[in-house]
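Listed below are the residues making up each chain.
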Amino acid sequence: MGDSREQQFDARLGRVWRDDHRYLLNVAFRVLGSISEAEDAVQDAFARLVDQNLDAIDDVRGWLTVVVSRICFDRLRSADRQRRSATALDALETLPARDMDPADRITLDDE
């Protein structure tokens, strides 16, 4: 009996993939601007869907759209945070060098 339920789940998941994959990919691409990152986000969303009870979700496409959107925005926030921290580190490293005597700078570089 378990095989029949798994086959039904796989068949339904396959239909959802065929019906909604392109739509979700478009949503992710519009947010991320990269087809490869968009594909990764959609695959992550489908991986999360596998862990869900499809019968408990009223609108699977809507559920996936929300999940894909959240994944995309999380990635943008993470990338923005990384850019800001990298920029802050660059600024911290260059500030002392501007105020430093050139002779001291050469000594530090040699060390």
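Values in this document were obtained by computation on a predicted structure and should not be read as measured data. (Residues numbered from 1 in each chain as written. Predicted model: local features only at pLDDT ≥ 70, side-chain atom pairs only at ≥ 80, totals over all residues. Heavy atoms only, no water.)

Caption draft 1: Up close: the overall build of the chain. The secondary structure content of the chain amounts to four helices and zero strands. What you see in the chain, going N to C, is helices and strands ordered as α-α-α-α. Here the chain displays about 8,300 Å² of accessible surface, and carbon together with sulfur accounts for 49% of that area. (Helix = DSSP H or I, 4+ residues; strand = E, 2+ residues; numbered from the N terminus. Areas by Shrake-Rupley, 256 points an atom, 1.4 Å probe, with all protein chains shown as cover.)

Caption draft 2: View of the packing of aromatic side chains. For the coordinates displayed, the defined rule picks out one aromatic pair. Plain terms: the ring middles of Trp 17 and Phe 46 are 4.7 Å apart, the flat faces sit at 65 degrees to each other, and that makes the pair edge-to-face. Of this pair, Trp 17 sits in helix α1 (residues 2-32) while Phe 46 sits in helix α2 (residues 35-50), and the two are 29 residues apart along the sequence. The ring of Tyr 23 is capped by Arg 61, whose NZ or CZ atom sits 3.9 Å from the centre of that ring. (Phe/Tyr/Trp six-rings, centres within 6.5 Å; stacked < 30°, edge-to-face > 60°. Lys NZ or Arg CZ within 6 Å of the ring centre and 35° of its normal.)

Caption draft 3: Examining the environment of His 21 more closely. Its place among the elements puts His 21 in helix α1. Along the sequence, His 21 and Glu 39 sit 18 residues apart, while their C-alpha atoms lie 9.2 Å from each other. With near-sequence residues (within four places) excluded, His 21 lies in contact with Val 16, Glu 39 and Val 42. (Contact = heavy atoms within 4.5 Å.)

Shape is all these values report; function is a separate question.
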